[in-house]
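Inside the fold
Chain by chain, the residues run as shown.
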Amino acid sequence: LAAGFTKVDEDFFDELEETLIMGDVGANVTMRIMDELRDRVRHAGITEPSEVIGQLREIITGLMGEESPLDLSTKPSVVLVIGVNGVGKTTTIGKMAAYLRGEGKQVLLAAADTFRAAAAEQLAVWADRAGAELIRHEEGSDPASVVFDAIHAGKSRGADVIICDTAGRLHNKKNLMDELSKIARVISRELPDAAVEVLLVLDATTGQNAISQARSFQEAAGITGIVLTKLDGTAKGGAVIGIREELGVPVKFIGVGEGIDDLRPFVPAEFAAALFEGQEL
């Protein structure tokens, strides 16, 4: 874009605005970014398109905030993983277990998605690959009871982290809210002082739909962080900016491939560099 323009004019700003929107940043956030960018350009008297892009990078880096690692300050800590079916939730849990095992932590998985056929079997495969233990019940059983048993198993076995899978039914929000509330009550009753993370898994390739999903789950569950999957495919990446700016929820991890080691902590500065310099995450 910068190479295609010789001066900073309305055509340049219009093209830049369209580029951000097409990159899944979202209309509202794009307008806020453009307003600040125009102010900066006017006050600094910038006339070179490349300098404008430099200012844009600074703005987006600032919007992303600081790195926000998982709070695993208690033993055990609990990570509740939520999200609609198909976003890579179970796969993400397996990768997260492997990541935490690599940090020397003892990890226990709770197969609390008891409604999706073969969900527990899929999680069992990932638990085996990651070297984590697994607590599961029969298909169709009460998810909160699985979490209850996982907490007691985790305490007795000295687990550092308990990661709980959950059902991904967003079409009936009341059922989802009731189910997640019940699980939350079990956690707070059985581990009243535990550090608890509620991570929403989103598919980056769905663009603006990811932001609407995040809003719905924020209302239902009170999210503490986002895991953005499939950033290795056709995702444009701008959804990260929109989610961070509109919901104020930090991105904790990103998925950049299918391998067990392809879940990485989200580093805002690295993201901004990849966005503007064409580097791989």
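A brief report on the enclosed structure follows. Every value quoted in this text rests on a predicted model; they were computed, and no experiment measured them. (Residues numbered from 1 in each chain as written. Predicted model: local features only at pLDDT ≥ 70, side-chain atom pairs only at ≥ 80, totals over all residues. Heavy atoms only, no water.)

**Some points on the packing of helix α8 (residues 208-221) against helix α9 (residues 238-247)**
α9 packs onto α8 with a crossing angle of 30 degrees between their chain directions and a minimal axis gap of 9 Å. The element α8 and its partner α9 pack so that their crossing is right-handed. Contacts between α8 and α9 involve Ala 210, Ile 211, Ala 214, Arg 215 and Gln 218 on the former and, on the latter, Ala 239, Gly 242, Ile 243, Glu 246 and Leu 247. Split by residue class, the contact of α8 with α9 holds six nonpolar, two polar and two charged. (Axes fitted to C-alpha atoms, helices over the stretch in contact; angles between N-to-C directions. Helix = DSSP H or I, 4+ residues; strand = E, 2+ residues; numbered from the N terminus. Left-handed = near helix turned anticlockwise from the far one by under 90°. Contact = heavy atoms within 4.5 Å. Nonpolar A, V, L, I, M, F, W, Y, C, P; charged D, E, K, R; others polar.)

**A few points about the environment of Val 125**
Among the secondary structure elements, Val 125 is positioned in helix α5 (residues 119-130). A C-alpha to C-alpha distance of 8.5 Å links Val 125 and Gly 94, two positions 31 residues apart in sequence.

**Some details on the environment of Thr 61**
For Thr 61, the position within the fold is in helix α3 (residues 49-64). Along the primary structure Thr 61 and Ala 273 are separated by 212 residues, whereas in three dimensions their C-alpha atoms are 8.9 Å apart.

**Some details on the pattern of salt bridges**
Applying the stated criterion to the full structure yields 14 salt bridges. The salt bridge partner of Glu 10 is Arg 38, with a shortest N-O separation of 2.8 Å. Remark: Arg 38 occurs in helix α2 (residues 27-44) and Glu 10 occurs in helix α1 (residues 10-22); sequence separation between them is 28 residues. You can call Arg 38 partly exposed: its relative accessible area is 22%. Among the ionic pairs, Glu 36 bridges to Arg 40, the shortest N-O distance being 3.3 Å. You can see Glu 36 and its partner Arg 40 sitting in helix α2, four residues apart, about one turn around the helix. When its relative accessible area of 34% is taken as the criterion, Glu 36 is described as partly exposed. Classification of Arg 40 as partly exposed rests on a relative accessible area of 25%. A single salt-bridge network, built from bridges that share partners, covers Glu 36, Arg 40 and Glu 58. (Salt bridge = Lys/Arg side-chain N within 4 Å of Asp/Glu carboxyl O. Buried < 20%, exposed > 50% of the residue type's maximum accessible area, 1.4 Å probe, protein only.)

**Description of the packing of aromatic side chains**
In this structure the tally under the stated criterion is four aromatic pairs. The interplanar angle of 75 degrees and the centroid separation of 5.4 Å between the aromatic rings of Phe 5 and Phe 12 together place this pair among those described as edge-to-face. Using a relative accessible area of 0% as the deciding quantity, one classes Phe 12 as buried. Joined through ring pairs, the aromatic side chains of Phe 5, Phe 12 and Phe 13 make up one cluster. (Phe/Tyr/Trp six-rings, centres within 6.5 Å; stacked < 30°, edge-to-face > 60°.)

**Observations regarding the pairing of strand β5 (residues 196-203)**
Burial runs high along β5: seven of the eight residues are buried. The pairing of strand β1 (residues 77-82) with β5 spans five bridges and is classified as parallel. Bridging from a neighbouring strand, Val 78 pairs with Val 196 of β5. Note on the crossover from β5 through α8 to strand β6 (residues 225-229): the handedness is right-handed. (Pairing = 2+ DSSP bridges. Right-handed = clockwise from strand over helix to strand, strands pointing away.)

**Looking at the packing of α2 against α9**
Put simply, α2 and α9 touch, their axes get as near as 9 Å, and they point 85 degrees apart. Here α2 lies roughly perpendicular to α9, going by the angle between them. Residue-level inspection shows Asn 28, Val 29, Arg 32 and Ile 33 of α2 in contact with α9, the latter providing Ile 241, Gly 242, Glu 245 and Glu 246. For the contact of α2 with α9, the residue count by class is three nonpolar, two polar and three charged. (Parallel < 35°, antiparallel > 145°, perpendicular 65-115°, else oblique.)

**Focus: the nonpolar core**
Within the largest apolar cluster, 91 residues are counted, with the highest numbers of intra-cluster contacts made by Ile 33, Met 96 and Ile 163. Setting aside anything within four residues of it in sequence, one finds Ile 33 in contact with Leu 20, Val 25, Leu 56, Ile 59, Ile 60, Leu 63 and Ile 241. (Core = buried A, V, L, I, M, F, W, Y, C linked by side-chain atoms within 4.5 Å.)

**As for the side chain of Lys 252**
With respect to the helices, strands and loops of the structure, Lys 252 is situated in strand β7 (residues 251-255). Non-local contacts of Lys 252, meaning those with residues more than four positions away in its chain, are made with Ser 68, Pro 69, Leu 70, Glu 197, Leu 199, Thr 224, Gly 225, Ile 226, Arg 264, Pro 265 and Phe 266.

**Some words on the sheet that holds strand β8 (residues 263-265)**
Strand order in the open sheet formed by eight strands is β3-β2-β4-β1-β5-β6-β7-β8, with mixed pairing between adjacent strands. Every other strand in the sheet has two partners, leaving β3 (133-135) and β8 as the edge strands with one partner each. Averaged over all adjacent pairs, the angle separating strand axes in this sheet is 25 degrees, with direction ignored. Alignment of β6 against β7, held across three bridges, turns out to be parallel. Directly across from Leu 228, in β7, lies its bridge partner Ile 254. Strands in contact with helix α4 (residues 89-102) are β1, β2 (107-111), β4 (161-165), β5, β6, β7 and β8; relative to β4, the strand with the most contacts, it is inclined by about 170 degrees. With respect to the sheet, α8 is in contact with β1 and β5, its orientation differing from that of β5 by roughly 155 degrees.

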